[in-house]
Amino acid sequence: MADLAANDPVLLTTSDGRPLQEALAQAQSKAKWRAFMLVAPLLAFILITFVSPIVQVLHQSVYNPKFSENMPQISAWFDQNPNGTEPDEAAYTALVADLVAAGAAKTVAVAGERVNYEMPGTRSLFTKAGREAKKLQPPFMESLTKLDENWASPELWGVMRRVSHAYTGDFYLAAVDLERSPTGSIQQVPENERVYVNLFVRTFALSAAITFMCLLIGYPVAFLLAALPMRYASLLMIMVLLPFWTSLLVRTTAWMVLLQGQGVVNSLLVWAGIIAEDQRLVMINNLMGTMIAMTHILLPFMILPLYSVMKPIPPSYVRAARSLGATSWTAFRRVYLPQTIPGIGAGGLLVFILSVGYYITPALVGGASGQLISNLIAFHVNKSNNWSLAAALATILLASILLLYWLYDKLVGIDKLKLG
Amino acid sequence: MKKLLVLSTALTAVSFAAQADVTVMSWGGAYTKSQVEAYHKPFTAATGINVISVDSDNPAPQIKTQVEAGNVSIDVGDVEYADAIRLCDEGMLEPIGMDVLPAGADGTPAADDFLPGAVTDCAVATIVFSTVYGYDNTKFPDAKPTTMADFFDTTKFPGKRGLRKGAKANLEMALMADGVPAADVYATLGTPEGVDRAFAKLDTIKSDVIWWEAGAQPPQLLADGEVLMSTAYNGRLFAAAVAEGKPFTTVWDGQVYEYDLFVIPKGAPNKDAAMEFVKFATSTQALADQAAWIAYGPARKSSGALVGMYNDGKTEMAPYMPTSAANLGNALASSYEFWVDHDGELNDRFNAWLASN
Amino acid sequence: MVASSPNDAFVAFEHVQKSYDGVQLVVKDLNLAIGKGEFLTMLGPSGSGKTTCLMMLAGFETATNGEIKLDGVNINEVPPHKRGIGMVFQNYALFPHMTVGENLAFPLEVRGMGKSERDAKVKRALDMVQMGEFANRRPAQLSGGQQQRIALARALVFDPSLVLMDEPLGALDKQLREHMQYEIKRLHESLGITVVYVTHDQGEALTMSDRVAVFNDGRIQQLASPSDLYERPDNSFVAQFIGENNKLPGTIESINGDHCTVRLANGEVIDATPVNVSEKGAQTLVSIRPERVEFKTEMMPEGAHTIDAEVMEFIYMGDLFRTRLRVAGSDEFVIKSRNTMGQRMLRPGEKIKIGWAPQDARALDPM
């Protein structure tokens, strides 16, 4: 029948002679339209709150018009004259005209800030020139460099040329501790300014460690949840979920109370005589504090997917393995464990992704050594206002998570992911 | 993206903006309380305009974010000097200017009444505050630290130190502890060698430092015994010591003082009321009143004479003021010129230093 | 083949008791001897303790009291993997993440068998259940019947002398179930293994078993061959659990060796064989199989009492006629007659007389 239809070009029609496909589309269109209208609010919500911010972050990471918008004439000069052209009087005229206009519009500091990202210490050069530019007389090359000899610096001109393009990959370079040398080649930043690569590595290593700890602790708990009779299991489930219902800040603060030098844990240890008064353990404001608090906070995200995978596994599998001659360890390793891999994958991926982007807990209990890349992103959003760099860092983070997801799909298969 | 990021802030701010109330963003804790008592309550009593107080770890970046997004909910912000200059340069603030400010209570014109540099194009200083360090007396039965060098000396005083997470003030203090005279600090810090020297000094205590971010944290760290000594805003140490009776001592050697200023963000929803508020709050009496609540020096000379007792009625304020002669022995006025230019660069360096092991 | 005493039994339960909660016994003083090569079925309603017994034998549950012996050795303390007992589970319990071949190789692998020997054994086991081509499939790709065969092959591949089966055919449809019953029976006979089979399906039990142990309330109610069980039930529970059964409550009117008369509720007297009633005046439940009831006077056994009956319903079932009667005040009396040539079809409302041979009416306990 199927073969017949495929070989036969005769168009099927309805009893009143309309083409069947058209009739079907018509009959279904109303239902389709209604279905679409039902999901439309959700679709719009996702577009506005999820897709569009991500697109804008991506855009922000390569787009910074602070210089080009506020200094249009000198930007135009850079466009007309190829790289390597010595700045002539026309260039200086354009520059001074921009400085005058931007000084009046109070935007010269914005342009200066963009240059300052690349060449520290130049911000005040611009603000000062913004104030003084209207008094300058031609020839501007002479009068501007007289105002401040730094205006003749080839490095400054090189930087201005670069930032005159609103679209740039420089923020990505900065995000991996690279910069452009005055000659334009890419080089590493000085050793004492390298921070991001180090932090990316630390973030991923710590996230992996937290994921592992969560698995180590969460697996037996999830097993117990799945194996216990209902009334005990629901009690245990409430205990697992309780942290979920408590504010993140409260939980983190509770850890501060527990772990600090004069905190509960240390005081107990001293009281029990396990450590001396002057040997109090340092468990907070460092990597360890971040690890302990985050493991606790993220634990439910490991337990719940594991539980949802373990719950439907009947005990007969392990029994079958045992009856076939496997020791309890072999039965676990060969039969039970492989069946929980979808849960391990889901929980692991969830915990890893969440911890890679975690911010509040490391900020509160991480001290200096427990800081993660997200703390630096927050720093650039909230404090230094270098949003483009923050966006570049966030994009790298997002890309590495997508890479991880892709790897997971290749190695385990995404269809094997079971979130609940 | 900025629009979207501030969307939530803006939405919560709608209710504020709808009324003709003045929204003031400040630093929280004992400091905000002093402002509420000395500015907000009398202002509402005098004008009938309500003042809404919003807390922040640092209002300046939030002002910048809101103005860039074109969605401003703050009417008045309390910022540090370098930030006031920077925001003003970038056109993010409403101009205020000396001419609108009232003369002092004794008739001195505003231009002469305010301390030098206290009024800029877009900002009016209210107080002089200082970053100092303090300690818990009970932890030092014998020798007590007295100098900035002592703070960095973990051999003489082994134990944890609290420092603000950021480059500003820490680098200056490190240089002073390393023997640089206050007068030469910014000249030294302006050279790469000077920066290296400051970080090298910080390196000596790095493993002992607990970093704080909000002004309310250091007194808490001291009270909990988490740190042996900590840098702090002097008013916070005062509030803990005098108002709460904590056994804290403030060490003034090597203090770094600067102005705190009121600014009005460009596009503030209630600009006129905000202007009235700033004029009221920076009047002689309001500034003098604030000193009864927290140990920050008033930015008007004419207020000085009116500063008397702390609100407990028995504590003389003068010894707790950063600007009192006894405390200025080895003191450094924070340089906004320096920080306006080097904030980004030095904080990048600071972050890198912090993240390295 | 049938073990007559615990001493020559291959599997023996001796005074086994089991309690899960310390309050109630699920298995009460179980004594059972299973001979080598025997096919023994534990039959009973759910909650009767049969599965618990199987699990104790497999080693997944421990006996609270008593001894379980395998080949004369007490195995109470032997962990399941050292018992060497093959087991087929209710839902097959084929490992879903392994192929059929890997499933079968698993018991050989954990025994440390070399690869070539393993492959040969797996192939042989698959061929035995006619599943030779399916070694590389996953269990989820197989039908229920195919999975059942694989489960069977896996339980047999390591040559256990005892195989336990826990309702293995419960998930199959009727036709497949019947087919698999013969298949299992065939394997049992050709391999000479001992099988302990748990089911709640009496048809299955009767078809396959050498002996059937009927469980109820934690005890074995009767242990007998299928024919004994059907024709000579020891008590009312067994009589009603196995096959269709008419029951007539009454009191013993007279008792004389293996013959008694019973007075029914409406005063009529019938003949019966006393089984577990002993004295005159005792309450009893007389049990008569529907196919042993006669209504044609010419076929009536000699000397039998007849009683009145009224036809309530007549059902034509093809090979059988099923007629429901009102007898001694009850509407539930059923007779079955074969659709032989000239067989009468009774009509509702018709009044007839019915009777039976006294040995077919068993006077049992009143329950």
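The model shown is predicted, which means the values in this text are computed figures rather than measured ones.

Caption draft 1: Highlighting the domain arrangement of chain A. All names here are of chain A. According to the domain assignment, chain A consists of domain 1 (2–62), domain 2 (66–166) and domain 3 (196–416). Facing four residues of domain 1, the contacting portion of domain 3 comprises six residues. Considered class by class, the residues forming the side of domain 1 that touches domain 3 number two nonpolar, two polar and no charged.

Caption draft 2: Inspection of the environment of Gly104(B) at higher detail. Residue and element names in this part refer to chain B. In this fold, Gly104 is placed in the loop between α4 (81–89) and α5 (110–113). Judged by local crowding, Gly104 falls into the buried class, with 21 C-beta atoms found within 10 Å. In sequence terms Gly104 and Ser283 are 179 residues apart; their C-alpha atoms lie 6.9 Å from each other. Non-local contacts of Gly104, meaning those with residues more than four positions away in its chain, are made with Asp113, Thr284, Arg300 and Ser302.

Caption draft 3: How the structure looks around the nonpolar core. In this structure, Leu393(A), Ala84(B), Ala123(B), Leu261(B) and Val263(B) are the most contacted members of the largest nonpolar core, which totals 174 residues. Per-element tally for this core: the top contributor is helix α15 (residues 287–310) of chain A, with 15 residues. When neighbours within four sequence positions are excluded, Leu261(B) is seen to be in contact with Val79(B), Tyr81(B), Ala84(B), Ala123(B), Val124(B), Ala125(B) and Thr126(B). The next biggest cluster of nonpolar side chains, apart from the first, holds 104 residues, and it includes Ala58(C), Ala155(C), Leu248(C) and Cys260(C).

Caption draft 4: Main features of the environment of Val110(C). Here Val110(C) lies in the loop between α2 (100–109) and α3 (115–128). Spatially, the C-alpha atom of Val110(C) lies 28 Å from that of Ile34(C), the residues being 76 residues apart in sequence.

Caption draft 5: Representation of the interface of chain A and chain B in the model. Each partner contributes residues to the interface: chain A has 37 residues there, and chain B has 30 residues. Going through the elements one at a time, α2 (20–62), α6 (108–118), α7 (123–132), α11 (196–227) and α19 (373–383) of chain A are the ones with two or more residues in the side of chain A that touches chain B. Looking at the side of chain A that touches chain B element by element, the count peaks at five residues for α2(A). Split into classes, the residues belonging to the side of chain A that touches chain B amount to twelve nonpolar, 20 polar and five charged.

Caption draft 6: Fine view of the interface of chain A and chain C. The interface of chain A with chain C comprises 15 residues on the first partner and 18 residues on the second. Listed by contribution, the elements that provide at least two residues to the side of chain A that touches chain C are α16 (316–323) and α17 (328–356) of chain A. Of all the elements, α16(A) adds the most residues to the side of chain A that touches chain C, at six residues. Grouping the constituent residues of the side of chain A that touches chain C by class yields seven nonpolar, six polar and two charged.

Caption draft 7: Up close: the pairing of strand β16 (residues 320–327) of chain C. Residues and elements named next belong to chain C. Direction of pairing for strand β15 (residues 306–316) relative to β16: antiparallel, over a ladder of seven bridges. Its bridge partner lying in β16, Val311 is registered against Leu325. Where β16 meets strand β17 (residues 330–338), seven bridges bridge the pair, whose relative direction is antiparallel. Looking across to β17, one finds that Arg322 is bridged to Lys336. Once β16 ends, the chain turns through two residues before running back antiparallel as β17, passing Ala328 with a positive phi of about 50°.

Caption draft 8: Local environment of the confidence of the model for chain A. All names here are of chain A. When the pLDDT values of chain A are averaged, the result is 87; 96% of them are 70 or greater. Mean pLDDT across the secondary structure elements of chain A bottoms out at helix α1 (residues 2–7), with 48, and peaks at α11, with 93. Confidence drops under pLDDT 50 across residues 1–6; counting only partners more than four residues distant or on other chains, this segment forms zero contacts.

Caption draft 9: Representation of the pairing of strand β1 (residues 22–26) of chain B. All names here are of chain B. Among the five residues in β1, five count as buried, and that is most of the element. Of the two faces of β1, both are covered, the one formed by Val22, Val24 and Ser26 as well as the one formed by Thr23 and Met25. Two elements, β1 and strand β2 (residues 51–55), share five bridges in a ladder whose sense is parallel. Pairing of Thr23 across the sheet is with Ile52, part of β2. For the segment spanning β1, helix α2 (residues 29–47) and β2, crossover handedness is right-handed. Alignment of β1 against strand β3 (residues 76–80), held across two bridges, turns out to be parallel. For Val24, the partnering residue across the bridge sits in β3 and is Val76.

Caption draft 10: View of the packing of α17(A) against helix α20 (residues 387–411) of chain A. All names here are of chain A. α20 packs onto α17 with a crossing angle of 170° between their chain directions and a minimal axis gap of 11 Å. The angle between α17 and α20 places the two elements in the roughly antiparallel class. Residue-level inspection shows Gly345, Leu349, Ile353 and Val356 of α17 in contact with α20, the latter providing Leu397, Ile401 and Tyr408.

Caption draft 11: Examining the sheet that holds strand β14 (residues 283–288) of chain C more closely. Residues and elements named next belong to chain C. Pairing is mixed in the closed barrel, where five strands are placed in the order β11-β12-β13-β19-β14. Strand-to-strand twist in this sheet, taken as the mean axis angle between neighbours without regard to direction, amounts to 55°. Where strand β13 (residues 269–274) and strand β19 (residues 362–364) come together, two bridges link them in parallel fashion. In the strand pairing of β19, Pro274 is matched with Ala363.

Caption draft 12: Main features of the domain arrangement of chain C. Here chain C is partitioned into domain 1 (6–236) and domain 2 (244–364). Contacts between the two partners involve four residues from domain 1 of chain C, matched on the other side by six residues from domain 2 of chain C.

Caption draft 13: Quick peek at the sheet that holds strand β2 (residues 27–34) of chain C. Residues and elements named next belong to chain C. Pairing within the open sheet is antiparallel, and its four strands lie in the order β2-β1-β4-β5. Edge positions in the sheet fall to β2 and β5 (73–74), since each of these pairs with one other strand and no more. Sheet analysis places strand β1 (residues 11–18) next to β2, joined by five bridges and oriented antiparallel. Counterpart to Val11 in the pairing with β2 is Ile34. Against the sheet, helix α1 (residues 50–58) engages β1, β2 and β4 (65–70), with an angle of about 120° to β1.

What counts and how
- Residues numbered from 1 in each chain as written.
- Chains lettered and ligands numbered in written order.
- Predicted model: local features only at pLDDT ≥ 70, side-chain atom pairs only at ≥ 80, totals over all residues.
- Domains from an automatic or database assignment.
- Contact = placed C-beta atoms within 7 Å.
- Nonpolar A, V, L, I, M, F, W, Y, C, P; charged D, E, K, R; others polar.
- Helix = DSSP H or I, 4+ residues; strand = E, 2+ residues; numbered from the N terminus.
- Buried ≥ 20, exposed ≤ 12 C-beta atoms within 10 Å, placed from the backbone.
- Core = buried A, V, L, I, M, F, W, Y, C linked by C-beta atoms within 7 Å.
- Pairing = 2+ DSSP bridges.
- pLDDT = per-residue confidence, 0-100.
- Right-handed = clockwise from strand over helix to strand, strands pointing away.
- Axes fitted to C-alpha atoms, helices over the stretch in contact; angles between N-to-C directions.
- Parallel < 35°, antiparallel > 145°, perpendicular 65-115°, else oblique.

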